[in-house]
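Residue-level listing of the chains:
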Amino acid sequence: MTVSVQPQPRSRIGSKAAAEGPSALHIQGLTKTFGDVEVLRSIDLEVRSGEFLTLLGPSGSGKTTLLRIIAGFESATSGKLMLGDTDLGSLPPSERKLGMVFQNYALFPHMSVAQNVAYGLRLRKWRGSKLDSRVREMLEIVGLGQHADRKPTQLSGGQQQRVALARALAYEPEILLMDEPLGALDRSLRLQMEEEIKRVHRQIGTTVIYVTHDQEEALVLSDRVAIMNEGRFAGLDTPMSLYHRPPNSFVARFFSDSNVLTAQVMDGVIHAVGQSFDYPPAPDGEAALAIRPGSFVIGAAPEALPGLRFDGELEEHHLLGEHEQLQVRVPEIGRLVARRNIGDGAAPEVGDTVRLFVPAAAVHVMSS
């Protein structure tokens, strides 16, 4: 069966919004080796002024190492690192004009909230009314104006993270670096803090480089996301582009939890799992198809509709809030993951035969 589908725009590296305005940080050819292990492999990156850039990737992908090199806690093996016109390569952390927020907050327990926020300002010779005014301003921005005299131990985890954020932003750093700042919080607090971080970034406009392994955080917070794998950027674009038009199989699986199938392209026709459909922009050769779990229609679909059809055995199903996730074993393909809204028809049981249909327009074609 051959069907026709309108071509989808291909993923681009970068975005128009991120490409405008002055560069806050320029990284070129950055490498880092530990013994015989190459942790970063010739990283090139432009971070624009005011941008919220997230470094996302699995453990061991190099994201924290890259952040530590930017901060000055690690030195690069080779490469160029420029903050505006300043070469950061030889500067210690204290002279880099960068703020840092850690997962463990790093607050001084014997100091009050106000004293913690004032600490970095005092090191920079802020004194008197100027210091007091700035501390009050930052505490109001993060919603802790009424807690200035409390000790960190008297605050919740989310409040402590707000203090750490206020302290890091108080002296107006060129770039704010955040290393998995929400990793120690429960889900409810993480969601609240995501909103707080977005609000503060919108209000202050500081350039942010944010490290996480959580795809949801990256989707919610970022102007752009740099997805790292084995010391390289597997994808660098807006969250929407990476989610809907992943450039390769790794990004499709890691960022949007897509199912990935192998395919062949011949004369503008995609051939996969014994079916085919037209895709004019695709070059001839091997390709991969990305299908997001939510793109499936579960149950029979009219034969006239263009798309791909699968029959398989339900191996497992899980409740995900308002959605149900199905794991279906399809002969000669393996496991496919599909999601549907709760209440959309009778729920199949483990062992049942399940029919899946994905419209051709929801299939994304990418490099293998």
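Residues numbered from 1 in each chain as written. Predicted model: local features only at pLDDT ≥ 70, side-chain atom pairs only at ≥ 80, totals over all residues. Heavy atoms only, no water.

**Remarks on the layout of surface pockets**
Line of reasoning, step 1. Counted as a void, the largest pocket has a volume near 490 Å³.
Line of reasoning, step 2. As for the largest pocket, its lining consists of 21 residues, of which Leu98, Gly99, Met100, Arg124 and Tyr171 are closest to the centre.
Line of reasoning, step 3. For the lining of the largest pocket, the elements supplying multiple residues, two or more each, are β7 (98–101), α3 (113–123) and α5 (157–170).
Line of reasoning, step 4. Split by residue class, the lining of the largest pocket holds 14 nonpolar, 3 polar and 4 charged.
Line of reasoning, step 5. Here the second largest pocket is characterised by a volume of approximately 390 Å³. (1 Å grid on protein atoms, 1.4 Å probe; cavity = no way out; pocket = protein on both sides within 12 Å on 5 of 7 lines; lining within 4 Å. Points joined across faces, edges and corners; volume = space filled by probe spheres on them. Helix = DSSP H or I, 4+ residues; strand = E, 2+ residues; numbered from the N terminus. Nonpolar A, V, L, I, M, F, W, Y, C, P; charged D, E, K, R; others polar.)

**Description of the packing of aromatic side chains**
Line of reasoning, step 1. Taken as a whole and judged by the stated rule, the model has 5 aromatic pairs.
Line of reasoning, step 2. Ring plane angle 25° and centroid distance 6.5 Å describe the contact between Phe73 and Phe102, whose orientation is recorded as stacked. Separated by 29 residues along the polypeptide, Phe73 in the loop between α2 (63–71) and β5 (78–83) and Phe102 in the loop between β7 and α3 bring together distant segments of the chain.
Line of reasoning, step 3. Of the residues examined, Phe102 reaches a relative accessible area of 28% and is grouped as partly exposed.
Line of reasoning, step 4. For the cation-ring pair, Arg124 lies above Tyr171, with the distance from its terminal atom to the ring centre recorded as 3.5 Å.
Line of reasoning, step 5. Stacked on the ring of Trp126, the Lys or Arg Lys130 has its end atom at 4.3 Å from the ring centre. (Phe/Tyr/Trp six-rings, centres within 6.5 Å; stacked < 30°, edge-to-face > 60°. Buried < 20%, exposed > 50% of the residue type's maximum accessible area, 1.4 Å probe, protein only. Lys NZ or Arg CZ within 6 Å of the ring centre and 35° of its normal.)

**As for the packing of α3 against helix α4 (residues 128–141)**
Line of reasoning, step 1. At a minimum axis separation of 10 Å, α3 and α4 run at an interaxial angle of 125°. If you check the angle between α3 and α4, you find them oblique. Here the hand of the crossing between α3 and α4 comes out right-handed. Along its contact with α3, which presents Val113, Ala114, Val117, Ala118, Leu121 and Arg122, the element α4 presents Leu131, Arg134, Val135, Met138 and Leu139. (Axes fitted to C-alpha atoms, helices over the stretch in contact; angles between N-to-C directions. Parallel < 35°, antiparallel > 145°, perpendicular 65-115°, else oblique. Left-handed = near helix turned anticlockwise from the far one by under 90°. Contact = heavy atoms within 4.5 Å.)

**Quick notes on the environment of Leu177**
Line of reasoning, step 1. Here Leu177 is to be found in strand β8 (residues 175–179).
Line of reasoning, step 2. We classify Leu177 as buried; its relative accessible area is 0%.
Line of reasoning, step 3. Along the chain, Leu177 and Leu53 lie 124 residues apart, while their C-alpha atoms are 9.9 Å from each other.
Line of reasoning, step 4. Excluding its chain neighbours within four sequence positions, the residues that come into contact with Leu177 are Leu67, Ile70, Ala71, Leu98, Gly99, Met100, Val101 and Ile209.

**Some thoughts on the nonpolar core**
Line of reasoning, step 1. Formed by 36 residues in total, the largest nonpolar core has its most connected members in Val117, Leu165, Leu176, Met178, Ile197 and Tyr210.
Line of reasoning, step 2. Listing elements by their share of this core, those giving two or more residues are α3, α4, α5, β8, α6 (187–204) and β9 (207–212).
Line of reasoning, step 3. For this core, the element with the most residues is α5, which contributes 7 residues.
Line of reasoning, step 4. Discounting residues that sit within four places of it in the chain, Ile197 has contacts with Phe52, Leu165, Met178, Leu182, Tyr210 and Leu221.
Line of reasoning, step 5. One finds Ile27, Leu45, Leu53 and Leu88 within the second-largest nonpolar core, a separate group that totals 27 residues. (Core = buried A, V, L, I, M, F, W, Y, C linked by side-chain atoms within 4.5 Å.)

**Overview of the packing of α5 against α6**
Line of reasoning, step 1. Contact pair α5 / α6: the axes reach a minimum separation of 10 Å and the direction vectors enclose 20°. Viewed along their axes, α5 and α6 adopt a mutual orientation that is roughly parallel. Where α5 crosses over α6, the handedness of that crossing is right-handed. Seen from α5, the contacting residues are Gly158, Gln161, Arg162, Leu165 and Leu169; seen from α6, they are Leu189, Met193, Glu196, Ile197, Val200 and Ile204.
Line of reasoning, step 2. Taken together, the residues of the contact of α5 with α6 sort by class into 7 nonpolar, 2 polar and 2 charged.

**Describing the pattern of salt bridges**
Line of reasoning, step 1. Considering all chains together, one arrives at 11 salt bridges under this definition.
Line of reasoning, step 2. Arg339 is the partner of Asp257 in a salt bridge, and the nearest nitrogen-oxygen pair spans 3.7 Å. Of this pair, Asp257 sits in the loop between α9 (249–256) and β12 (259–266) while Arg339 sits in strand β19 (residues 334–341), and the two are 82 residues apart along the sequence.
Line of reasoning, step 3. With relative accessibility at 41%, the residue Asp257 sits in the partly exposed group.
Line of reasoning, step 4. Residue Glu315 is joined to Arg329 by a salt bridge in which the shortest nitrogen-to-oxygen separation is 3.0 Å. Here Glu315, found in strand β17 (residues 307–320), pairs with Arg329, found in strand β18 (residues 323–330); they are 14 residues apart in sequence, far enough to count as distant.
Line of reasoning, step 5. Classification of Glu315 as partly exposed rests on a relative accessible area of 33%.
Line of reasoning, step 6. Judged by its relative accessible area of 38%, Arg329 falls in the partly exposed class. (Salt bridge = Lys/Arg side-chain N within 4 Å of Asp/Glu carboxyl O.)

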